Amino acid sequence: MTTTRDRSRVLLVSGDPIGRRMAGPAIRVWNMAEVLAQHCDVRVVSWLPIERESNRFELAFVRETDDRAMQEHEAWADVIVVQGMGFRIFPSIARTEKIVVADLYDPFQLEQLEMNKYSEPGKWAEEVTKAVSLLNEQIARADCFLAASEEQRSLWLGNLSALGRLNPATYLADPTFESLVRVVPFGLDPVAPLQRRHGIKGTVPGIEATDRVLIWGGGIYNWFDPVTLVGAMGLIADTHPDIKLFFLSARHFNPDVPDMKALADAVEAAERLGVLDRTVFFNESWVDYESRADFLLDADLGVSTHLWHAETRFSFRTRILDYMWAGLPIVSTEGDVFAELIERRGLGAVVPTGDAQAAADAIVGLLADPVRYAEMRRRIEAVRDEFTWPRVLAPLVEYCIDPQPAADRGEVFARRRSVSRGSFDRILVMPRGFRRDVALLRYYLGRGGTKLVAEKIQERRTRRAR
């Protein structure tokens, strides 16, 4: 790997496991690094252990308590791309004066509304408040923002407006704000998938080589609706026993991601309908990233059913991209950006929310019509080229090659300094542990007030308990 000072130095900060098994955030960071490395010097830093290697870009592990080590990476960078909790974990990243790109492809504040709604009310409110606070820190500071779709772009423009970032300075720089909030979807591999072994057919007990398989290509989370899909399988189990549903990754490999009520509800529904391990199968482990083609190419349809709520409207179901990568026609619930694409481009069938009969009819109808099925596969081949990683990441590459600070950066920094000074008089009432780092306390108070300080206290207590 060669580097040159003629190229921008891009630091990607991640807190998702990067290894054989990866979820969406890590997959996105890895592919960002791969594409950016063709144009920039790239370094990926994670506060979780990294189990992959690359000769195209650098990889570094920094403990979440070691901000001194992160300072070296911050000093190296020209551009810092952050996701999720990066600002909270490393104060040196949060207070950097380098150019910051906030990757907001996952509106996790809306996920929290679903993820924790079965928790005790106080915990639910606390987790949502924390998520909003995390996002507001990034939105108040970053120079450029990434959204996964035009719908998300509208969401983040509203947030930016509420925090005063759509102002005369940024408006004069670009009255469309398209350079401030860039649409950078999740992508798919430009290289066609290759099957090395059969992952499902003739391999999973109960699924024969001649069966027709529906694949649910990701985790089972509370914002999804697997119960309706299982209900559809119950409706067709007796008349079409050769149609099987396979949940690829029932449980998340990351122990920090708990099993959710949606998983328990799906298993219970399958048991109640008598289809568990008969026509409905749950894969207990998370499939390795490099092996997913073995499973996808054993499927005949990709399926995704979800509930109708705010998360749905602004979601970007990355599993749909895997279906397109594998050339699979798709059955999906209405209401999200991919449902609109599927319907408009003729890539499968879109069904109403919670309608098991409509889902059953769509599944049987697609598999019973080979001419229509083949035509959908041809359409998918044309559409998937639009979502390859090099293509979708082009707006980020363009920005990183010639990074420019936000037009209102002076106002952002002035406001931050003013708030920090105004909050200094509150130091004496804070716990003694924070007095040892006055600068850090000043930062937390300035960014989120006493609520943020309380969050940091709780986070430290949790880490110590672990």
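The structure reproduced in this document is the subject of the present report. (Residues numbered from 1 in each chain as written. Predicted model: local features only at pLDDT ≥ 70, side-chain atom pairs only at ≥ 80, totals over all residues. Heavy atoms only, no water.)

### Regarding the pairing of strand β2 (residues 41–46)
Heads up, the condition is: Throughout, exposure labels follow a simple rule: accessible area from a 1.4 Å probe, protein chains only, divided by the maximum for the residue type, with under 20% read as buried, over 50% as exposed, and the rest as partly exposed. The numbering of helices and of strands both runs from the N terminus, where a helix is a DSSP run of H or I of at least 4 residues and a strand a run of E of at least 2. Paired strands are those between which DSSP finds at least two bridges.
Counting buried positions along β2 yields six of six residues, so the element is predominantly enclosed. Residues of β2 alternate between two faces, with Asp-41, Arg-43 and Val-45 on one and Val-42, Val-44 and Ser-46 on the opposite face, all of them buried. By the bridge criterion, six bridges tie strand β1 (residues 9–14) to β2 in an arrangement that is parallel. Note on β2: the bridge partner recorded for Val-13 is Val-45. Here four bridges tie β2 to strand β3 (residues 58–61), and the two strands are oriented parallel to one another. Looking across to β3, one finds that Val-44 is bridged to Leu-59.

### A closer look at the sheet that holds β1
Two modes of strand pairing occur in sheets, parallel and antiparallel, and in both the strands are linked by backbone hydrogen bonds. Applied cut-off: Axis geometry follows a simple rule: fit a line to the C-alpha atoms, using only the stretch in contact for helices, then measure angles between N-to-C directions, giving values from 0 to 180 degrees. Any two residues whose heavy atoms approach within 4.5 Å at even a single point are treated as in contact.
Pairing in this open sheet of seven strands is parallel, and the strands run β3-β2-β1-β4-β5-β6-β7 from one edge to the other. Looking at which strands have only one partner, the edges of the open sheet turn out to be β3 and β7 (181–183). Across the sheet, the mean angle separating the axes of adjacent strands is 20 degrees when strand polarity is ignored. This element, helix α18 (residues 394–401), spans β1, β4 (79–82), β5 (99–103), β6 (144–147) and β7 of the sheet and lies at about 135 degrees to β7.

### Comments concerning the side chain of Arg-409
Note the threshold: Polar contact is defined as a pair of N or O atoms within 3.5 Å, subject to the rule that within protein one atom must be able to donate a hydrogen and the other to accept it, and that residues adjacent in sequence are counted only when both atoms are side-chain atoms.
With respect to the helices and strands, Arg-409 occurs in helix α19 (residues 409–423). Within the structure, the side chain of Arg-409 is placed 3.0 Å from the backbone oxygen of Lys-98, a separation counted as a polar contact.

### A look at the sheet that holds strand β12 (residues 330–333)
Here we have six strands laid out as an open sheet, ordered β10-β9-β8-β11-β12-β13, and parallel in their pairing. Looking at strand neighbours, the two that pair on one side only are β10 (280–282) and β13 (348–351), the edges of this open sheet. On average, adjacent strands in this sheet sit at an angle of 20 degrees to one another, irrespective of strand direction. Sheet topology places strand β8 (residues 212–216) next to strand β11 (residues 301–304); two bridges connect them, and they run parallel. When the sheet's bridge partners are listed, Ile-215 is paired in β11 with Gly-302. Strands in contact with helix α9 (residues 226–236) are β8, β9 (243–247), β10 and β11; relative to β9, the strand with the most contacts, it is inclined by about 160 degrees.

Scope: geometric values only; no functional claims are made or implied.
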